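Each chain, letter by letter, is given below.
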Amino acid sequence: MIEIKDLTKFYGKGESRFKALDGVSVSIEDGEFIVILGASGSGKSTFLNVISGLETSDGGTVAYDGQQLDKMSEKELTKFRRDNTAYIFQQYYLLPHLNVEKNVRMGADLDNNKDYLKFIEAVGLSEKRKKFPAELSGGEQQRVAIARALAKNPKVLFLDEPTGALDEKTGRQVLDYIIKLQQEQGFMMIMVTHNSNIAETSDRIIKMNSGKIVSITENTDKKTAYEIGW
Amino acid sequence: MIVSIKDSVKLFGISIMTCCAVTVCNLFLNYYLDLTAIADLIDNPYAQMFYDAHIMTAKVVCAVSGGCLAITTVVMLFFYIKHYIDIHSKEIGILKALGYSDFKIAKGFSVFGLSVFIGCMTGYLLSFLLMPQFYELQNKDGYLPELSIRFHWILFVLLVIIPTVVFAMIAVCKSLLKLRQPCVNLLKGIVKTKGKSRNTRDKKTFVGEMRSSVLRSRKTLVFFIAFSSFCFSAMIQMSASMKDLSSEMMGLMIFVIGVVLAFTTLYIAVSTVIRSNQKNIAMMRVFGYKNEECKRSVLDGYRPAAYIGFVIGSVYQYGLLRVMVDIVFAGVEGVPKYKFDFPVCFITLGVFIVVYEGIMFAYGQAMKRIPLKQIMSE
Ligand SMILES: Nc1ncnc2c1ncn2[C@@H]1O[C@H](COP(=O)(O)OP(=O)(O)OP(=O)(O)O)[C@@H](O)[C@H]1O
Ligand SMILES: [Mg+2]
């Protein structure tokens, strides 16, 4: 379980100081699938970065099963990430000098996962597994980033616009695969998206605006990736 | 203009390299010219032999150190240009897309000649500072007639003007070659298209694969690391022998040059490796790779090159001194016997291991400070 209390985050100094997160509090249960919606610049990525320990907060706490992130040393944080989290970034961030397969191994090796090829297959890139990121389209790169994160078998998965670069058909396929995997393995999943239809596949929907949570709604009518509009 | 004067200051490695080369070459060439001017004054055969040996030494030293350092400077310059274009590939791509011609962009790279000029000029002045003592030492036994230091314009042109111009031209030509690729590649940052789809053995772990890809993506750095330990090994061992063969001052001079070159090249190489892998390191840490693993994948690949450089350096300095003693100074009396100095070699190796591993450890620690946010910077 993640307990988030009164989280604040500032960017910049002096005059240009900007409150990107403004007193955000929420608790997320194990195995839950959360979708975060909000306008561009509302602080969604910042929220994800702070609760995943990539960035420090300027106030408030984030605790995983009672363990507070800001109390951990850099070494403990690294170990924490190694054992628990995986991240799919809005801009993919693949390693440019490694091919698809090796990029996926980056995640797989941390879990001693020898069966990583199945993730490459699941995102439809078996044919291209020897290609380098610069030789792939944007959507293909995004799928590599997805396979890389899943191959780590995380306990908590953070996704920032994971289907932003995908067309409807591929988007649905990939989303369906991620959701099935999540239900099968029961990991926690926190996804940022602009596509409000995707929210219908989640357990709870958090809406953000200007660094604040404006609403948290329980989704009682959970749909599959093929049942929603796109 | 895409390349600014500030960029050329960052090329201090080249400045240091050329500074060392010009210092040594000017010392010996100036001496050589002053010496040939008094050739007529030599009246006895013993002085003649001494004279010949000195002339020969000057030639050998200039050719070996000048040539060696000139080649390294060219390699370093190429490396800088490639690195510069790699890093700025997006901006350059945009310029090209806007219709700037390759030549217009490449012209800017002539600024790099400035770093050569700074180095050469410093070296040139430095050599004049050292010259009185050098002249005195060369003739400490008084076999040769009294020599006074004279200024030779030709050396200024040869050692300062010409290198500056030549290196500026080399920089322009090299960057022209580098720029001759489609705009899209520059924009997308595809720098290497060679060596793709290599059938890498799948057994290799991610860390192992990362290590070899780091090496592959910047091969020049392997050369620099090897060159760095080559300098360290060759120059320090040579300076130890020089104390017996020639003089303390020569020994000290070689020692200082060796250490300066070794540390500059090592610094340039390692800091470039880390800087160009910052994003990858940050990404590995985001996934939870320990700092130790990041260090292993980014820095450890260079270790073999470093030790090979050390071995080559030992052999090289032995060969060079052997030639000097057996051929150049053959027949000159009073030159001590020269043997490979094992104790010195082992001590140098010991110091090398401590220094090299220590520096790598320190860089490994420094890698901890790369912020995770680094992945998000463009
Ligand atoms: N490093 C930074 N320095 C200064 N301001 C920043 C920084 N990162 C983000 N911001 C600002 O913080 C605010 C929130 O950014 P954030 O990236 O969280 O938005 P977002 O909700 O993810 O938007 P999008 O949907 O466009 O990705 C934005 O106004 C942005 O300008
Ligand atoms: Mg965002």
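Since this is a predicted model, take the numbers as computed values, not measurements. (Residues numbered from 1 in each chain as written. Chains lettered and ligands numbered in written order. Predicted model: local features only at pLDDT ≥ 70, side-chain atom pairs only at ≥ 80, totals over all residues. Heavy atoms only, no water.)

Draft legend 1. Here's a closer look at the site of ligand 1. All names here are of chain A. Around ligand 1, the surrounding shell holds 14 residues, and the nearest of these are Ser-40, Gly-41, Lys-44, Ser-45 and Thr-46. Contact between ligand 1 and Ser-45: an oxygen atom at 2.6 Å from a side-chain N or O atom of the residue. In the model, an oxygen atom of ligand 1 is placed 2.9 Å from a nitrogen or oxygen of the Gln-90 side chain. In the complex, 63% of the free accessible area of ligand 1, which totals 630 Å², lies under the protein chains. Those elements that provide at least two residues to the shell around ligand 1 are strand S2 (18-28) and helix H1 (44-51). (Near = heavy atom within 4 Å. Polar contact = N/O pair within 3.5 Å; in protein donor to acceptor, adjacent residues only side chain to side chain. Areas by Shrake-Rupley, 256 points an atom, 1.4 Å probe, with all protein chains shown as cover. Helix = DSSP H or I, 4+ residues; strand = E, 2+ residues; numbered from the N terminus.)

Draft legend 2. Representation of the domain arrangement of chain B within the structure. Residue and element names in this part refer to chain B. Domain parsing of chain B yields domain 1 (1-190) and domain 2 (193-378). Facing the 34 residues of domain 1 at the interface are 32 residues of domain 2. When domain 1 packs against domain 2, the two sides together hide about 2,700 Å² of surface, and 82% of this comes from carbon and sulfur. Linking domain 1 with domain 2 are 1 salt bridge, by the criterion used here. The tally of links between domain 1 and domain 2 comes to 1 residue pair in polar contact (both at pLDDT 80 or more). Counting residues per element, the ones that place at least two in the side of domain 1 that touches domain 2 are helix H2 (12-37), helix H3 (45-87) and helix H6 (112-138). When residues in the side of domain 1 that touches domain 2 are grouped by element, the largest group, 19 residues, is from H3. (Domains from an automatic or database assignment. Contact = heavy atoms within 4.5 Å. Buried area = accessible area lost by both parts, 1.4 Å probe. Salt bridge = Lys/Arg side-chain N within 4 Å of Asp/Glu carboxyl O.)

Draft legend 3. Representation of the coordination of the magnesium ion (ligand 2). Residues and elements named next belong to chain A. Those protein atoms acting as donors to the magnesium ion (ligand 2) are Ser-45 (OG) and Gln-90 (OE1), and they sit at 1.9 to 2.5 Å. Here Ser-45, found in helix H1, pairs with Gln-90, found in the loop between strand S6 (85-88) and helix H3 (100-108); they are 45 residues apart in sequence, far enough to count as distant. Note on Gln-90: relative accessible area 33%, which makes it partly exposed. (Donors = N, O, S within 2.8 Å, 3.2 Å for Na, K, Ca; no water. Buried < 20%, exposed > 50% of the residue type's maximum accessible area, 1.4 Å probe, protein only.)

Draft legend 4. Structural detail: the environment of Ile-216 of chain A. Within the secondary structure, Ile-216 of chain A is located in strand S10 (residues 212-218). Taking the C-alpha atoms as reference, Ile-216 of chain A lies 6.9 Å from Arg-204 of chain A; in sequence the two are 12 residues apart.

Draft legend 5. Inspection of the sheet that holds strand S7 (residues 156-160) of chain A at higher detail. Residues and elements named next belong to chain A. Pairing within the open sheet is mixed, and its 6 strands lie in the order S6-S7-S8-S3-S9-S10. Only two strands of the sheet have a single partner each, and these edge strands are S6 and S10. For this sheet, the mean angle separating the axes of adjacent strands, direction not counted, is 15 degrees. Inspection of the sheet shows strand S3 (residues 33-38) paired to strand S8 (residues 188-192) by 4 bridges, in the parallel sense. When the bridges of S8 are listed, Ile-36 appears paired with Val-192. (Pairing = 2+ DSSP bridges. Axes fitted to C-alpha atoms, helices over the stretch in contact; angles between N-to-C directions.)

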